[in-house]
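This is what each chain is made of:
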Amino acid sequence: MLLRGLISEQQDNQKAGIPGINQIKYLGDLLGNTSKSRMRSEIIVFIRPMVIRDSLDQQSITEEFRQRLESMRAPQEFIEGKDVSPRPAGRKN
């Protein structure tokens, strides 16, 4: 069951070049640089109803929830494809 979602979009257009010359129509395009970027992120929250019949169900559900929280708290070893895991002292890549 879906509870809620949030979508965010950002667009960035940048133009760089030699001041003054970059304002001249075709000359500015030849001697300048234009970059465009667009980023979209989505956050979706799901809920899963569960029936808890006894204390054993409650304990197993609580343990599963704790394990999921711990996995989210674990340090991220990769950021944008780069390995950022800690290295032993004195060792280089």
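I will try to describe carefully the structure that is included in this document. (Residues numbered from 1 in each chain as written. Predicted model: local features only at pLDDT ≥ 70, side-chain atom pairs only at ≥ 80, totals over all residues. Heavy atoms only, no water.)

Note that Arg38 resides in strand β2 (residues 33–46). Sequence separation of Arg38 and Gln11 is 27 residues, and the distance between their C-alpha atoms is 4.4 Å. Side chain to side chain, Arg38 and Glu9 meet in a polar contact 3.5 Å long. (Helix = DSSP H or I, 4+ residues; strand = E, 2+ residues; numbered from the N terminus. Polar contact = N/O pair within 3.5 Å; in protein donor to acceptor, adjacent residues only side chain to side chain.)

Attention now goes to helix α2 (residues 55–73). Residues separated by three or four positions in an α-helix point in the same direction, a consequence of the helix having 3.6 residues per turn. Taking 1.5 Å of rise per residue, 19 residues should cover 27 Å, and α2 covers 27 Å from first to last C-alpha, within 8% of that figure. Two or three places before Leu56, at the opening of α2, Asp54 has a side-chain oxygen 3.2 Å from that residue's backbone nitrogen. (Expected span 1.5 Å × (residues − 1).)

The tally for this structure, following the rule as stated, stands at four salt bridges. The partner of Glu9 in a salt bridge is Arg40, with the nearest N and O atoms 3.0 Å apart. You can see Glu9 sitting in strand β1 (residues 2–16) and its partner Arg40 sitting in strand β2, a full 31 residues away along the chain. Exposure remark for Glu9: the relative accessible area of 44% places this residue in the partly exposed category. One salt bridge in this structure joins Arg68 and Glu64, with 2.9 Å as the shortest N-O distance. (Salt bridge = Lys/Arg side-chain N within 4 Å of Asp/Glu carboxyl O. Buried < 20%, exposed > 50% of the residue type's maximum accessible area, 1.4 Å probe, protein only.)

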